[in-house]
Amino acid sequence: VEELNFSQGGVANRRQAIDEFEKNLAQATEKFERNRGKYERLAKMLIDTQAGVDHLAEKLAQIPADNETRLEVGEETVVDALEQCGMRLDKLLRLTGLSKEDLNNGRALLDDERYEEKLLLRSQADVRVKPADKEDDGDDDDDGFEEDEDVCGRSHVKYNSKQILEKQKIKNRRKGKAAAAPA
């Protein structure tokens, strides 16, 4: 800009060149702002992706992998950790006996007889046991604790709290009147 001010030529040429530079500057600034916004969105997406992969890897850490240890998820290890999660999910599918085609087609079929048998076993295991000694149903009061005679009942506590609130309201009214009187 200074070079243009001191160079030869008319005022119109200098003004036109300055306007051109300002126009280019405005365009570059606008492009910078767009790219910065895009960068911030992508950086947030990367952080969210890393957090998601880390969470997934943490949940799948219970499944033993084939000679692999759990990787810490970082910018460079996200892909490796995701591959490890995929291997662990494949192993889990093999252990459950479902194929990828069954999952992709949405037909994870259950053997009805095996399912009903499991439900029957579960319901048989969920039985309540009644105590053998039916005479011991009442409260013995032999549990080693002394009862306080000073313990208030619900209605007494409610009455006391109402009384306290009423006193506070009266005190606040008096303060309000005292503050309004000198003015």
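Everything quoted here is computed from the prediction, not taken from an experiment. (Residues numbered from 1 in each chain as written. Predicted model: local features only at pLDDT ≥ 70, side-chain atom pairs only at ≥ 80, totals over all residues. Heavy atoms only, no water.)

(A) Main features of the overall build of the chain. A tally of helices and strands in the chain yields 6 helices and 0 strands. Tracing the chain from N to C terminus, the helices and strands come up as α-α-α-α-α-α. Look at the contacts in the chain between residues 6 or more apart in sequence, and 36% of them connect residues 24 or more apart. Accessible surface, the chain: about 17100 Å² in total, of which carbon and sulfur atoms supply 53%. (Helix = DSSP H or I, 4+ residues; strand = E, 2+ residues; numbered from the N terminus. Contact = heavy atoms within 4.5 Å. Areas by Shrake-Rupley, 256 points an atom, 1.4 Å probe, with all protein chains shown as cover.)

(B) Seen up close, helix α3 (residues 78–96). Along its 19 residues, α3 runs 27 Å from first to last C-alpha, staying within 8% of the 27 Å computed at 1.5 Å per residue. Buried within α3 we find V78, A81, Q84, C85, R88 and K91. Seen from one end, α3 has its buried residues packed into an arc of 145°, which puts them on one side. Residues V79 and R94 are exposed on α3 and point more than 90 degrees away from its buried face. (Expected span 1.5 Å × (residues − 1). Buried < 20%, exposed > 50% of the residue type's maximum accessible area, 1.4 Å probe, protein only. Arc of directions from axis to C-beta.)

(C) Region of interest: the side chain of K91. Following the sequence through the fold, K91 ends up in helix α3. By relative accessible area, which is 18% here, K91 ends up buried. Setting aside chain neighbours within four positions, we find K91 in contact with I63, P64 and D66.

(D) Quick peek at a positive patch on the surface. A contiguous patch of positive charge on the surface is contributed by K169, R173, R174 and K177. In this fold, R173 is placed in helix α6 (residues 154–180). (Patch = residues over 30% accessible without salt bridge, like charges linked within 9 Å, V, L, I, M, F, W, Y side chains within 5 Å. Salt bridge = Lys/Arg side-chain N within 4 Å of Asp/Glu carboxyl O. Lys, Arg positive; Asp, Glu negative; His and termini not counted. Charge placed at Lys NZ, Arg CZ, Asp CG, Glu CD.)

(E) Summary view of the pattern of salt bridges. Scanning all chains against the criterion turns up 4 salt bridges. With a shortest N-O distance of 2.7 Å, E33 and R36 are connected by a salt bridge. A residue pair is termed a helical-turn pair when its members lie 3 or 4 positions apart in one helix, as E33 and R36 do in helix α2 (residues 11–60) at 3 residues. Accessibility expressed as a relative area gives 38% for E33, which makes it partly exposed. For R36, a relative accessible area of 38% gives the class partly exposed.

(F) Expanded view of the confidence of the model for the chain. For the chain, the mean per-residue pLDDT works out to 77, and 68% of the residues sit at or above 70. The least confident element of the chain is helix α1 (residues 2–6), whose mean pLDDT is 57; the most confident is α2, at 91. (pLDDT = per-residue confidence, 0-100.)

(G) How the structure looks around the environment of A61. Locating A61 in the fold gives a position in the loop between α2 and α3. When the C-alpha positions of A61 and C85 are compared, they lie 8.6 Å apart, and in sequence the two are 24 residues distant.

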